[in-house]
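Below, each chain spelled out in residue letters.
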Amino acid sequence: MPTASTETPGGPAGNTESATVATPTVADPTAGVTVWFTGLPSAGKTTTAIAVGERLRAAGHRVEVLDGDAVREHLSAGLGFSRADRDTNVARIGWVAELLARNGVVVLAAVISPYAAARDAVRARHEASGTSYLEVHVATPVEVCADRDVKGLYARQRAGEISGLTGVDDVYEAPTSPDLVLRTESSALDASVDAVLAALSERGLL
Ligand SMILES: Nc1ncnc2c1ncn2[C@@H]1O[C@H](COP(=O)(O)OS(=O)(=O)O)[C@@H](OP(=O)(O)O)[C@H]1O
Ligand SMILES: Nc1ncnc2c1ncn2[C@@H]1O[C@H](COP(=O)(O)OP(=O)(O)O)[C@@H](O)[C@H]1O
């Protein structure tokens with residue numbers, strides 16, 4: 001299974017020097033892709049997606065970050081955290097992601113997406129239209145996520161104020177064959193960004 005490392009991968013295409021031909025900033029500006037970051041709350045999905053987005057925008061790509069939290073304020077307003085609501089949320093984000101990616105946008109989706117079947121359906125939607133798709137498991141251990149506790153959810157669960165927290169008292173089905181695994185507890189953010197860009201580059205998407 002591939003994992004992020006501190007190796008230096010190839011950067012975004014367009015850095016290659018040419019003496020005679022003006023080097024395009026983007027290898028293929030019409031090549032959209034969805035990069036789907038899945039993992040527990042506080043795993044680092046949003047942080048990584050935003051950092052990848054900054055690097056890609058600087059290289060001239062059209063980028064959209066679809067964050068579960070933000071989507072729940074708009075497209076998925078009113079949905080809760082039952083399996084049915086989570087699956088609906090994931091399907092909606094997957095639908096928007098495929099639409100954007102099919103039209104040349106690099107979509108960075110940061111969504112817990114705890115159920116494998118729902119994630120697989122998003123992948124299948126992309127495959128059906130021939131749209132590139134990468135699943136990235138932000139595989140931060142639950143103990144590390146609970147220490148980070150960006151939104152105080154783990155503390156609230158411990159205090160009995162909420163239940164059904166993913167990875168604690170609700171299901172998280174870890175991907176069995178992700179395209180990339182990020183170990184944020186032992187690998188710096190920059191290394192994760194490099195690993196995602198390398199995975200895109202390897203597939204000819206940068
Ligand atoms: N019970 C429970 N379980 C998990 N997460 C919870 C819960 N309640 C609120 N939150 C917060 O909801 C944020 C968005 O979740 P997602 O839309 O990505 O979740 S899902 O894919 O629909 O399961 C998610 O954001 P992230 O922390 O960025 O992952 C959580 O902070
Ligand atoms: N290597 C790393 N990669 C990503 N985030 C990290 C890393 N190390 C520490 N963090 C911190 O972990 C937290 C992750 O929060 P966030 O990105 O909101 O997670 P999620 O979107 O998965 O809920 C942030 O405070 C971030 O600064």
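Residues numbered from 1 in each chain as written. Chains lettered and ligands numbered in written order. Predicted model: local features only at pLDDT ≥ 70, side-chain atom pairs only at ≥ 80, totals over all residues. Heavy atoms only, no water.

> How should I be thinking about the packing of helix α3 (residues 83–102) against helix α4 (residues 116–128) in this particular structure?
At a minimum axis separation of 9 Å, α3 and α4 run at an interaxial angle of 20 degrees. Comparing the axis directions of α3 and α4 gives the class roughly parallel. For the pair α3 and α4, the sense of crossing is right-handed. Between α3 and α4, the residues in contact are Arg 83, Asp 87, Val 90, Gly 94, Trp 95, Ala 97 and Glu 98 and Ala 117, Ala 118, Val 122, Arg 125 and His 126, respectively. (Axes fitted to C-alpha atoms, helices over the stretch in contact; angles between N-to-C directions. Helix = DSSP H or I, 4+ residues; strand = E, 2+ residues; numbered from the N terminus. Parallel < 35°, antiparallel > 145°, perpendicular 65-115°, else oblique. Left-handed = near helix turned anticlockwise from the far one by under 90°. Contact = heavy atoms within 4.5 Å.)

> I would appreciate a short explanation of the site of ligand 1 in the present structure.
The local shell around ligand 1 holds 19 residues, among which Arg 72, Arg 86, Asn 89, Ser 113 and Gly 164 are the closest. Here an oxygen atom of ligand 1 and a side-chain polar atom of Arg 86 are 2.8 Å apart. One of the side-chain N or O atoms of Lys 151 is found 2.8 Å from an oxygen atom in ligand 1. Taken by itself ligand 1 offers 620 Å² of open surface, and the protein chains cover 91% of this. Elements represented by at least two residues in the shell around ligand 1 include exactly α2 (68–71) and α3. When residues in the shell around ligand 1 are grouped by element, the largest group, three residues, is from α3. Grouping the amino acids of the shell around ligand 1 by side-chain chemistry returns eight nonpolar, six polar and five charged. (Near = heavy atom within 4 Å. Polar contact = N/O pair within 3.5 Å; in protein donor to acceptor, adjacent residues only side chain to side chain. Areas by Shrake-Rupley, 256 points an atom, 1.4 Å probe, with all protein chains shown as cover. Nonpolar A, V, L, I, M, F, W, Y, C, P; charged D, E, K, R; others polar.)

> What is the right way to read the packing of helix α1 (residues 45–58) against helix α7 (residues 189–202) from this model?
Relative orientation and spacing of two packed helices are given, respectively, by the angle between their axes and the distance between those axes. Two elements in contact, α1 and α7, have axes separated by 9 Å at closest approach and are oriented at 60 degrees. Classified by the angle between their axes, α1 and α7 sit oblique to one another. The chirality of how α1 crosses α7 is right-handed. Here Thr 47, Thr 48, Ala 51, Val 52, Arg 55 and Leu 56 of α1 lie close against α7, whose contacting residues are Leu 189, Ser 192, Val 193, Asp 194, Val 196, Leu 197 and Leu 200.

> Would you mind going over the sheet that holds strand β5 (residues 180–182) with me for this structure?
Sheet strands pair via backbone hydrogen bonds, and the direction of the pair is either parallel or antiparallel. Strand order across the open sheet formed by five strands is β2-β3-β1-β4-β5, with parallel pairing between neighbours. The strands lining the two open edges of the sheet, one partner per strand, are β2 (63–67) and β5. With direction set aside, neighbouring strand axes in the sheet form an average angle of 20 degrees. In this sheet, strand β4 (residues 132–138) lies alongside strand β1 (residues 33–38) in parallel orientation, the contact comprising six bridges. Opposite Thr 38, over in β4, you have His 137 as the bridge partner. Sheet strands in contact with α3 are β1, β2 and β3 (106–110), and its direction is about 150 degrees off that of β1. Contacts between α7 and the sheet are confined to β1, β4 and β5, with β5 contributing the most and set at about 175 degrees to the helix. (Pairing = 2+ DSSP bridges.)

> For this particular structure, what's the right way to read α7?
For the α-helix, the turn length of 3.6 residues means that residues three or four positions removed from each other point alike. Its 14 residues give α7 an end-to-end C-alpha distance of 20 Å, which sits within 8% of 20 Å, the value for a rise of 1.5 Å per residue. By the burial criterion, the buried members of α7 are Ala 191, Ser 192, Val 193, Ala 195, Val 196, Leu 197, Ala 198, Ala 199 and Leu 200. In the core, the buried residues of α7 are packed alongside β1, α1, β4 and β5. Two residues or fewer past α7, Gly 204 is found with a positive phi of approximately 75 degrees. (Expected span 1.5 Å × (residues − 1). Buried < 20%, exposed > 50% of the residue type's maximum accessible area, 1.4 Å probe, protein only.)

> Can you help me understand the site of ligand 2 in this one?
The full set close to ligand 2 counts 15 residues, and Ser 42, Gly 44, Lys 45, Thr 46 and Thr 47 are the nearest of them. Residue Ser 42 places a main-chain N or O atom 2.7 Å away from an oxygen atom belonging to ligand 2. A distance of 2.9 Å separates a nitrogen atom of ligand 2 from a polar atom in the backbone of Ser 187. Among the elements that take part in the shell around ligand 2, α1 stands out by supplying four residues, more than any other. A breakdown of the residues in the shell around ligand 2 according to their chemical character gives six nonpolar, seven polar and two charged.

> Please clarify how unusual backbone geometry should be interpreted in this entry.
Trans is the common state for peptide bonds, and a negative phi is the common state for residues other than glycine. At Ser 42, a residue that is not glycine, the phi angle is positive and equals roughly 70 degrees. Secondary-structure assignment places Ser 42 in the loop between β1 and α1.

In short, shape yes, function no, at least from these values alone.
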